[in-house]
Structures are given as structure tokens and as C-alpha cells.
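One letter stands for each residue in the lines below.
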Amino acid sequence: MKRVDNHKFLNSNQLKLIAIIAMTIDHITWLLFPGLDTVWYVYILHIIGRLTAPIMWFFISEGYHYTHDVKKYITRLFVFAIISHFAYTFAFGIPFLPLSTGIFNQTSVMWSLAWSVVLIWICNNENTKSWIKWILIIIICFITFPSDWSTIAVMCPFFLYNHRNNFKLQARSIVFWTFIYSLVYFIFLNRSYGLLQIFTFLSIPVLYFYNGERGSIKGMKWFFYIYYPAHLIIIGILRLVLYGNISLIF
């Protein structure tokens, strides 16, 4: 059932477009300023990019709710996760073979998002025993840890789905899980990057205005699936032209 609220004016197409624009700004910033430059204007551009992930998580959970075929939905996400792996590693100068340079940022967020739908499906299966669900949760978190946004991009969509139609709890889920992510990065990798992730909270007032409608452009989901790896490939080509085979992120 669609939400009816006159003051909520953003449909899913518009929110996805906001996510795409913010993501593009963030990735171009990585291209023009490799590494994490803490100059104020560079930091602001990366802050804009923090809008993207929570919007992606939100619509992964919405996608599960509205899909007519969960298996096809999961299959589609995994296909694009595989395609996006090569595009992501090429864009940022990361070896194609995961775990070659560490355990962080070894593949795209699409890998975690695909597994998040698997987790939602498993935990909503009444025939699966609770202890099996807990074991599978741990396994899935372990499998997705090396990806962009790590296991957070599994757990947050899972809780967004479970708290569907309760926006306050959804907002708390975004704050809680991104705080965990920020804390891990702050302690183990880069303090500036860890602090940067806190700005994902800026997505909450944007998502608040979601009106539950899809919008008039029916092919928007396919546009995102195509745009995501395509723009990464372009960034990868520009990286090689501008710098040679260097890594853009740490």
C-alpha cells in the first residue's frame, strides 16, 4: 500500500537520481583528489557523496517488498555485483583479486547489497530455524566484510526492511550502523574518513520526504544498474590517462 502524505513530495525515481548525482560527485572527487584530501572544499564534496549509500540501502529494502519474484531479484543483484566488481576495482586502481591489498574496499557495495536481500529472504522464511538464521547472518557478514561499506550494507537494509513503515526506527538504524562503520574506520584505517561517514545522517531528512510512489519513469532501476558500472569504467579510464596505474583510495 502506498503512503499518502501531502507534504512528502519525493518519489523513488527522484530519490534515486539524488543518490546517483551525489555518488557521481563523490567518485569524481576521488578522481580529481586521490586519497582523502582534508581541504575543506574536497571534504564538502565527499560529504555530499554520503547521501548515496543510505538511499541505496533504503530502496534495496523497498525493492524486496515490492518484487514479484525474490529469486530473480537476488539473481539480478548478484549479476550486477559481479559486473560492478571489475568496474569498481578498475575505477579506483584496486587489484581484481579480492584481499590482495587488505580487507577493506576490495569490491563494490553491490556485493553487500545482493547479500542483504538474501539475508532478508532467509530471516523471513518461517521454516528456517532461529539458530540456522544466526549462523547464516554471521557467515554473510563475514563474506561481505571486505566490500565497500562492508557488512553495514547488509545489516542496515535488513533493519530498514524490518522497520518498514516506521521511519523513526529506520532513521535510528541508519545512524546506528553508519556509526559502527565510522568507528571501525576511525580506529583501524583513517580518522578523517571515519568522521566523514557520520554525515550519512544527512540522508535522513531527504528520505523523510519519500511519498511511496515510483514516479513516471519506469526504467529508472535499469538506468541505475547500467549507470553504476558504466560511470566507474569511465573513471577508471580517466584515472589511467591522468595518473597512470595508481590507486585513488587508501
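Residues numbered from 1 in each chain as written. Predicted model: local features only at pLDDT ≥ 70, side-chain atom pairs only at ≥ 80, totals over all residues. Heavy atoms only, no water.

## Here's the deal with the packing of aromatic side chains
So, point 1. Counting across every chain of the model gives 30 aromatic pairs.
So, point 2. An angle of 55 degrees between the planes, with centres 6.4 Å apart, marks the rings of Phe80 and Trp222 as tilted. Of the two residues, Phe80 sits in helix H4 (residues 70–92) while Trp222 sits in helix H11 (residues 220–243), which places them 142 residues apart along the sequence.
So, point 3. Taking relative accessible area as the criterion, Phe80 reaches 14% and is therefore assigned buried.
So, point 4. Taking 5.3 Å as the distance between ring centres and 85 degrees as the angle between the ring planes, the aromatic pair formed by Phe158 and Phe159 counts as edge-to-face.
So, point 5. The class for Phe158 is buried, based on a relative accessible area of 10%.
So, point 6. Through a chain of ring-to-ring contacts, the aromatic side chains of Trp30, Trp57, Phe104, Phe145, Trp149, Tyr181, Tyr185 and Tyr193 assemble into a single cluster.
So, point 7. The side chain of Lys8 reaches across the aromatic face of Tyr208, ending 4.6 Å from its centre. (Phe/Tyr/Trp six-rings, centres within 6.5 Å; stacked < 30°, edge-to-face > 60°. Helix = DSSP H or I, 4+ residues; strand = E, 2+ residues; numbered from the N terminus. Buried < 20%, exposed > 50% of the residue type's maximum accessible area, 1.4 Å probe, protein only. Lys NZ or Arg CZ within 6 Å of the ring centre and 35° of its normal.)

## Focus on the environment of Phe78
So, point 1. Tracing the backbone through its elements, the reader meets Phe78 in helix H4.
So, point 2. Since its relative accessible area comes to 18%, Phe78 is described here as buried.
So, point 3. The sequence separation of Phe78 and Ile138 amounts to 60 residues, and the corresponding C-alpha distance is 19 Å.
So, point 4. For Phe78, the contacting residues outside a window of four places in its chain are Trp111, Ala114, Trp115 and Val118. (Contact = heavy atoms within 4.5 Å.)

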